Amino acid sequence: MSTGSGADSAPGHTSTTTRAATGRTAGKTSMFSSLKIRNYRLFATGQAVSNTGTWMQRIAQDWLVLSLTGSASAVGITIALQFLPMMLFGLYGGVLADRLPKRPLLLCTQAAMGLTGLALGVLTLAGHVSVWHVYLAAFLLGLVTVVDNPARQTFVSEMVGKDQVANAVSLNSANFQSARLVGPAIAGVLITAVGSGWAFLLNGLSFAAPLVGLLLMRTNELHRVEVQPRAKGQLREGLRYVAGRPELIWPIVLVGFIGTFGFNFPIWLSAFVSKVFHGDAGTYGLFNTLIAAGSLVGALLAARRGLSRLRLLVTAAVLFSVLLLVTAFAPGFWLFAALLVPIGVFGLTVNVTANSSVQMATDPEMRGRVMALFMMVFTGGTPIGAPLVGWITDTYGARIGMAAGGAVSLAAAVTIALILARVGNLRLSVNRHGVTFVPSTPRRELVTAA
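Residues numbered from 1 in each chain as written. Predicted model: local features only at pLDDT ≥ 70, side-chain atom pairs only at ≥ 80, totals over all residues. Heavy atoms only, no water.

The next subject is the overall build of the protein chain. Regarding its fold elements, the protein chain presents 18 helices and two strands. Classification of the 450 residues of the protein chain by burial places 55% in the buried group. Long-range pairs, those at least 24 residues apart, make up 84% of the contacts in the protein chain with a sequence separation of at least 6. (Helix = DSSP H or I, 4+ residues; strand = E, 2+ residues; numbered from the N terminus. Buried < 20%, exposed > 50% of the residue type's maximum accessible area, 1.4 Å probe, protein only. Contact = heavy atoms within 4.5 Å.)

Right under this line is the structure:
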């Protein structure tokens, strides 16, 4: 991938276009190289604790709404409200992330996120919780996330430097998915034993860990990025910046479709548990744990690769979408459960590859706005996708709902693969090694043209 026009050696237009097709970045690195950096170790440790709490709350929140309403659509509405602020205000959060110092900003956002968990926990334990309380908490959490997401994403490069960004992004995902292995299991036990309230309360308390980590960081070891002064047109400037770079815009469009229609697991899994397999909160926690196991494998493989290719991105997106279609019609419980693992692998590969590719192709002074757009598209489409997928799931059943998400994701992945091939002057080649894209212009012609 191009590192952006402001990088040490800015590529010309032809080079940028070619790299948009091949998507090559830095070579292999050790799997845990970013953890050698003290500030990143503190950050990762704090995130491991709070991520566990976050997954506990996600499971408890979905199950509480399903218990209060009996509707997959209500679960979809909750998810939509949590991501609606990102769709409405996501770009403004990126502008703030570029204007303000990241560490103090994260201290504020992480504290606010902890307070939402504590408030919902107190309401639930007191026996006064209603579904509108969950809706309100989800919306407030979404408002904070508008600023927290781009600030946290871009703070990674300040902690580890440009050379370790891809590795650190992969380890962040591995961190998140490791917590996903533990959080749902704990949540399932807590919900069954004492109710959802304790899961919410523990999530609120878990945010003390990242706050302590941020406070203990050595600020003189951070890779400083100059904050951008307040000025008119910064939002439009960010949009123009992305629009002129195919290596940015097409990965963002792809993850937009995948995020909107392919990542609706709370809706599908809760519907499969309650309507198809007639399970309980423990079954729901098991399904989430299996996806997390696959996602953790995908994240560790990405950390080991230490590079991001757009070819890998579209291939993973196609395989993820096909697996959704196959899993939707899996006839038995254990086959369905087993297929959740590779879904996790390829879903996480899509996320990490797109994230690190976009970050490394972006100039530091624009990174907050670009990553805000990335997250806005990836998660901001949920207010559209979640209610729609929830309605399809309620009306036609869990299998049709999941298959519909897979079909839309597959159409998007194939279309964008063809667009990137055309941008990079590539053609489809079928040989004994499989299906791949190769340069349309023969090598001798390229040498002559050069």
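All right, on to helix H5 (residues 131-160) then. Between its first and last C-alpha atoms H5 spans 42 Å; for 30 residues at 1.5 Å apiece the expected length is 44 Å, and the two agree. Helix geometry: H5 is bent most strongly at Thr145, by close to 40°. Taking burial as the measure, the 30 residues of H5 include 23 buried ones, the bulk of the element. Gly161 lies just past H5 and shows a positive phi near 85°. (Expected span 1.5 Å × (residues − 1). Bend = angle between axes of the 7 residues up to and from the residue.)

This paragraph deals with the pattern of salt bridges. All told, the structure shown has three salt bridges when counted by the stated rule. Between Glu221 and Arg218 there is a salt bridge, with the nearest N and O atoms lying 3.1 Å from each other. The partly exposed category is assigned to Glu221, whose relative accessible area is 34%. (Salt bridge = Lys/Arg side-chain N within 4 Å of Asp/Glu carboxyl O.)

It is the contact of helix H2 (residues 38-69) with helix H4 (residues 102-125), at a shortest axis distance of 12 Å, that shows an interaxial angle of 40°. By the angle between their axes, H2 is oblique relative to H4. Of the two possible hands of crossing, H2 and H4 adopt the one that is left-handed. Listed contacts from H4 to Gln47, Ser50, Gln57 and Leu64 of H2 are Gln110, Gly117, Leu120 and Thr124. Class assignment for the residues of the contact of H2 with H4 results in two nonpolar, six polar and no charged. (Axes fitted to C-alpha atoms, helices over the stretch in contact; angles between N-to-C directions. Parallel < 35°, antiparallel > 145°, perpendicular 65-115°, else oblique. Left-handed = near helix turned anticlockwise from the far one by under 90°. Nonpolar A, V, L, I, M, F, W, Y, C, P; charged D, E, K, R; others polar.)

It is worth spelling out the packing of aromatic side chains at this point. Applying the stated rule across the entire model yields 16 aromatic pairs. Ring geometry for Phe263 and Phe320: centres 5.2 Å apart, planes at 25°, overall stacked. With Phe263 in the loop between helix H10 (246-262) and helix H11 (265-276) and Phe320 in helix H13 (residues 310-328), the pair connects residues that are 57 residues apart, well separated along the chain. Looking at Phe263, the relative accessible area reads 28%, which means it is partly exposed. Exposure remark for Phe320: the relative accessible area of 0% places this residue in the buried category. Between the aromatic rings of Phe277 and Phe336, the centroid separation amounts to 5.4 Å while the plane-to-plane angle is 55°, which identifies the pairing as tilted. (Phe/Tyr/Trp six-rings, centres within 6.5 Å; stacked < 30°, edge-to-face > 60°.)

Shape descriptors only; they carry no functional weight alone.
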